[in-house]
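# Observations on the three-dimensional arrangement
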Amino acid sequence: MRIVVLTGAGISAESGVPTFRDADGLWEGHRIEDVATPEAFERDPATVQAFYDARRRAVASVAPHVAHRALARLEGALGDELLVVTQNVDDLHERAGSRNLVHMHGELRRALCTACGARPRWDADLAPRPPCPVCGERMLRPDVVWFGEMPYELDRIEQAVVACDVFVSIGTSGAVYPAAGYVALAAAFGARTVELNLVPSDPMIPFDDARAGRAGELVPVWVDEVIAARSS
Ligand SMILES: [Zn+2]
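Please read these numbers as outputs of a predicted model, since none were measured by experiment.

## Thoughts on the coordination of the zinc ion
The protein atoms that coordinate the zinc ion are Cys-113 (SG), Cys-116 (SG), Cys-132 (SG) and Cys-135 (SG), at distances spanning 2.3 Å. Each of the four donor atoms bound to the zinc ion contributes to angles spanning 106 to 113 degrees, and the resulting shape is tetrahedral. The sequence pattern formed by the donor residues of the zinc ion is C-x2-C-x15-C-x2-C. Of this pair, Cys-113 sits in strand β4 (residues 106–113) while Cys-132 is found in the loop between β4 and β5 (140–144), placing the two residues 19 residues apart along the sequence. On the basis of relative accessible area, Cys-113 is assigned to the buried category, the value being 2%.

Put into structure tokens, the structure is as follows:
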């Protein structure tokens, strides 16, 4: 049984990772257009680097929770038949044990060299403008997909969604991109669709099974159901 899980800000928020989805639309007091666009980086690279350096350090101090661990457990049962696609730039899925994972919006723990295109692992601060380990240029930026940029691995994600038997959206609204597009695509190709989110989506969104609640409560239950159904 092939399953594609899409995760969003809601699953990270339960680990204490703040996001733009918080009520005021700000992220630690910053507006999206000041820290999460290519134009902001061009205008004020020092502020943008400092912002992501702080985010990188903040994520290192939080831990995955039961929902992240449940998805890793599901991968243990399904192997390559489970693909987790996350919109989150933290590494909580990896730290919980997920391996078959796509970071469609990049990763805080990588840098992107705008001179040579290398994407090295990166845990230090970028504000001091360190040299790229590949080409030596001091042109590293956070390897995070900003608003107006193209997400990573869209072809691979789309192929997996088209081929899956179950599509699950966790901690993100089924009414907005990318979840809205993927749930429609999965449904069109005959997959069963499931939503596990704090706020249920519009009833017009074609989820076969929509459950409202915290990821920490819903995801382990759903994973148990899948594993039980598979072994029965
Ligand atoms: Zn480089």
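## A few points about unusual backbone geometry
Look at the link from Tyr-177 to Pro-178: it is a cis peptide, with omega at 5 degrees. Phi is positive for Arg-129, close to 55 degrees, though the residue is something other than glycine. By the secondary structure assignment, Arg-129 is in the loop between β4 and β5. Here the phi dihedral of Glu-153 falls at roughly 55 degrees; this positive angle occurs in a residue that is not glycine. Here Glu-153 shows up in the loop between β5 and α7 (154–163). According to the relative accessible area criterion, Glu-153 is partly exposed, its value standing at 39%.

## Examining the packing of aromatic side chains
Going through the model one piece at a time under the given rule, you end up with three aromatic pairs. Look at Phe-51 and Tyr-52: their rings are 5.0 Å apart centre to centre, the planes differ by 90 degrees, and that puts the pair in the edge-to-face class. Neither Phe-51 nor Tyr-52 differs from the other in exposure class; each is buried. The rings of Phe-41, Phe-51, Tyr-52 and Trp-146 are connected pair by pair, giving a single aromatic cluster. Over the aromatic face of Trp-146 sits the side chain of Arg-141, whose NZ or CZ is 3.7 Å from the ring centroid.

## A look at the side chain of Asp-91
Assignment of secondary structure puts Asp-91 in the loop between β2 (82–86) and α6 (92–96). A distance of 3.0 Å separates the side chain of Asp-91 from the side chain of Arg-95, its partner in a polar contact.

## Comments concerning the layout of surface pockets
Considered as a void within the structure, the second largest pocket measures approximately 190 Å³ in volume. If you go around the second largest pocket, the residues you meet are Phe-41, Pro-45, Ala-46, Gln-49, Thr-114, Ala-127, Arg-129, Arg-138, Met-139 and Leu-140. With three residues, the single largest contributor to the lining of the second largest pocket is helix α4 (residues 45–60). Taken together, the residues of the lining of the second largest pocket sort by class into six nonpolar, two polar and two charged.

## Considering the domain arrangement of the chain
When its domains are assigned, the chain resolves into domain 1 (1–17 + 64–105 + 152–232) and domain 2 (18–61 + 106–144). Opposite the 13 residues of domain 1 that make contact, domain 2 presents 13 residues. Of the roughly 1,100 Å² buried at the junction of domain 1 and domain 2 (both faces included), carbon and sulfur atoms supply 57%. It is Val-17, Val-89 and Tyr-152 that lose the most area in domain 1 upon contact with domain 2, and together they represent 48% of the buried surface on that side. A salt bridge links Arg-109 to Asp-91; its shortest N-O distance comes to 2.6 Å. Across the contact surface, domain 1 and domain 2 share six residue pairs in polar contact (both at pLDDT 80 or more). A per-class count over the side of domain 1 that touches domain 2 returns five nonpolar, four polar and four charged.

Cut-off values and rules
Residues numbered from 1 in each chain as written. Predicted model: local features only at pLDDT ≥ 70, side-chain atom pairs only at ≥ 80, totals over all residues. Heavy atoms only, no water. Donors = N, O, S within 2.8 Å, 3.2 Å for Na, K, Ca; no water. Tetrahedral: all angles 85-135°; square planar, octahedral: opposite > 155°, others 65-115°. Helix = DSSP H or I, 4+ residues; strand = E, 2+ residues; numbered from the N terminus. Buried < 20%, exposed > 50% of the residue type's maximum accessible area, 1.4 Å probe, protein only. Phe/Tyr/Trp six-rings, centres within 6.5 Å; stacked < 30°, edge-to-face > 60°. Lys NZ or Arg CZ within 6 Å of the ring centre and 35° of its normal. Polar contact = N/O pair within 3.5 Å; in protein donor to acceptor, adjacent residues only side chain to side chain. 1 Å grid on protein atoms, 1.4 Å probe; cavity = no way out; pocket = protein on both sides within 12 Å on 5 of 7 lines; lining within 4 Å. Points joined across faces, edges and corners; volume = space filled by probe spheres on them. Nonpolar A, V, L, I, M, F, W, Y, C, P; charged D, E, K, R; others polar. Domains from an automatic or database assignment. Contact = heavy atoms within 4.5 Å. Buried area = accessible area lost by both parts, 1.4 Å probe. Salt bridge = Lys/Arg side-chain N within 4 Å of Asp/Glu carboxyl O.

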